[in-house]
Amino acid sequence: MRPEGLSAWLSGGLWLLLRNCFVSICLIASIAPVQARDYRYSDAHLHFVDFFQESDGMGQLLKAMDAGDIDHVMISGIPVAKKWHENEPKRPRYYAGDDAPVYWYSATDVVVAAALKELNEDQRRRFHPFLSGFNPNDKNADAHIRRMLDLDPGLWQGIGEIFTRHDDVTALTQGDTPRANNEALTRVYHLAAEFDLPVMLHSNITSKRERNPLYLTELEEPLRNHPHTRFIWAHAGTSMELHRHQKKLDFLLPTVARLLDDYPNLYIDLSWTVLEPYLLDGKGRPDPAWIKLVERHPSRFMLGSDVVGRFDNLGETMQAFVPFLDALSADTARMVARDNFLALLPKH
């Protein structure tokens, strides 16, 4: 090959190589995700103890919070305890482990308060305790809550999670079935407004068998009658048992949308059974309809882990929301991940 031909071949080959490299870089850039956002979290739904009133302890919880970028936590007990029945040779591991009942357990709040009092001031500021240890069928419940507030002035920042309709928990609970609109809780809601305390309410939207919002009235009546009380609807009225029988509730999204439009005192906890199959589909893809709803009400949603006394998976549970958060605008994502829960707490 002549020198001039070799020179032309090299220059042409170099141009082709550079062009291919440029195309490859553009292709990689087009399929690479936008730079990942770094989220800080508020866990708006955490139980310090399990259904046996046992816990990994505050040290493990703090480690899990630091590892999971969790700045703040709503911390509560569990309002019921699982009985180890005399006729059962092995202790159950969960409330649904056998047919033994659960019973209202007021000491759960004492356990939470004692754990918090062991913390230093900087650690303590990260925790926002909610009172839960009372029987929601007892019209003395508000008097008990008032006593607890007097015993530890300034400690408690909310009420709940109150168990009302809760599939198998309801079936196993000794005594009458609680309703979110009964007289006992009406007194509690008045007290919550008096002390500026948000109320986290577990009230299933339907039963295992019905494909309609069977129990919605039980939630909507307090929302309407207590406009000065801030309500957090735990899991947007869903639960594991509802999904086991009905998979996905098609009426949930329009119902939540209407309630948010009608009641400015309603807030939605997206924990547990809301993440899937609602916020994300079976392949981890965000649902555009839920994205649109959250963007329409950016201050009304919050995230929670709903862990019960065990904290090994706390960070992983919160970070499972990242695909949904990434589909939101940056400002809305920050509010949902961290700020909305803090804004809901008492102002004093």
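Described in the following lines is the structure provided in the data block. Predicted model, so just to flag it, every value in this text is computed and none were measured. (Residues numbered from 1 in each chain as written. Predicted model: local features only at pLDDT ≥ 70, side-chain atom pairs only at ≥ 80, totals over all residues. Heavy atoms only, no water.)

**Thoughts on the overall build of the protein**
So, step 1. Scanning the protein for helices and strands turns up 15 helices and 10 strands.
So, step 2. Burial statistics for the protein: of 348 residues in total, 53% are counted as buried.
So, step 3. Sequence separation of at least 24 residues holds for 81% of the intrachain contacts in the protein that already meet a minimum separation of 6.
So, step 4. Carbon and sulfur atoms make up 54% of the accessible area of the protein, which totals about 16,800 Å². (Helix = DSSP H or I, 4+ residues; strand = E, 2+ residues; numbered from the N terminus. Buried < 20%, exposed > 50% of the residue type's maximum accessible area, 1.4 Å probe, protein only. Contact = heavy atoms within 4.5 Å. Areas by Shrake-Rupley, 256 points an atom, 1.4 Å probe, with all protein chains shown as cover.)

**Here we look at the layout of surface pockets**
To find the voids left in a structure, one rolls a probe of water-molecule size over its atoms.
So, step 1. In this structure, the largest pocket encloses a volume near 290 Å³.
So, step 2. Around the largest pocket, the lining is made up of 20 residues, and of these Tyr94, Trp272, Asp306, Val307 and Val308 lie nearest the centre.
So, step 3. Gly154, Leu155, Trp156, Pro346 and His348 are the residues nearest the centre of the second largest pocket, which is lined by 13 residues in total.
So, step 4. Taken together, the residues of the lining of the second largest pocket sort by class into 8 nonpolar, 3 polar and 2 charged. (1 Å grid on protein atoms, 1.4 Å probe; cavity = no way out; pocket = protein on both sides within 12 Å on 5 of 7 lines; lining within 4 Å. Points joined across faces, edges and corners; volume = space filled by probe spheres on them. Nonpolar A, V, L, I, M, F, W, Y, C, P; charged D, E, K, R; others polar.)

**Concerning the packing of aromatic side chains**
So, step 1. Taken as a whole and judged by the stated rule, the model has 8 aromatic pairs.
So, step 2. Here tyrosine 189 and phenylalanine 231 contribute two aromatic rings whose centre-to-centre distance is 5.0 Å and whose plane-to-plane angle is 80 degrees, an arrangement assigned as edge-to-face. With tyrosine 189 in helix 7 (residues 183-195) and phenylalanine 231 in strand 8 (residues 231-233), this pair connects stretches of sequence that are 42 residues apart.
So, step 3. Residue tyrosine 189 is classed as buried on the basis of its relative accessible area, which comes to 1%.
So, step 4. Take phenylalanine 231: its relative accessible area is 1%, and that puts it in the buried class.
So, step 5. Seen from the ring of phenylalanine 52, arginine 91 lies directly overhead, with NZ or CZ sitting 4.4 Å from the centre.
So, step 6. Here the guanidinium or amino end of arginine 165 rests over the ring plane of tyrosine 215, the centre of that ring lying 3.8 Å away. (Phe/Tyr/Trp six-rings, centres within 6.5 Å; stacked < 30°, edge-to-face > 60°. Lys NZ or Arg CZ within 6 Å of the ring centre and 35° of its normal.)

**Concerning the nonpolar core**
For soluble globular proteins, the rule of thumb is that nonpolar side chains tend to be buried together.
So, step 1. If you look at the biggest cluster of nonpolar residues, it comprises 88 residues, and the most contacted ones within it are Met58, Leu61, Ile75, Phe127, Ile159 and Leu325.
So, step 2. When sequence neighbours within four positions are dropped, the list of residues in contact with phenylalanine 127 reads Met58, Leu61, Leu62, Met65, Val73, Ile75, Leu116, Leu119 and Gln157.
So, step 3. With 11 residues, the next largest nonpolar core counts Met74, Ala234, Phe341 and Leu344 among its residues. (Core = buried A, V, L, I, M, F, W, Y, C linked by side-chain atoms within 4.5 Å.)

**Points about the packing of helix 8 (residues 216-225) against helix 10 (residues 252-262)**
So, step 1. Contact geometry of helix 8 with helix 10 gives a least axis separation of 12 Å together with a crossing angle of 15 degrees. With respect to helix 10, the axis of helix 8 lies roughly parallel. Relative to helix 10, helix 8 is oriented so that their crossing is right-handed. Contacts from Leu216, Leu219, Glu220 and Leu223 of helix 8 reach helix 10 at Thr255, Arg258 and Leu259.
So, step 2. Of the residues in the contact of helix 8 with helix 10, the class split is 4 nonpolar, 1 polar and 2 charged. (Axes fitted to C-alpha atoms, helices over the stretch in contact; angles between N-to-C directions. Parallel < 35°, antiparallel > 145°, perpendicular 65-115°, else oblique. Left-handed = near helix turned anticlockwise from the far one by under 90°.)

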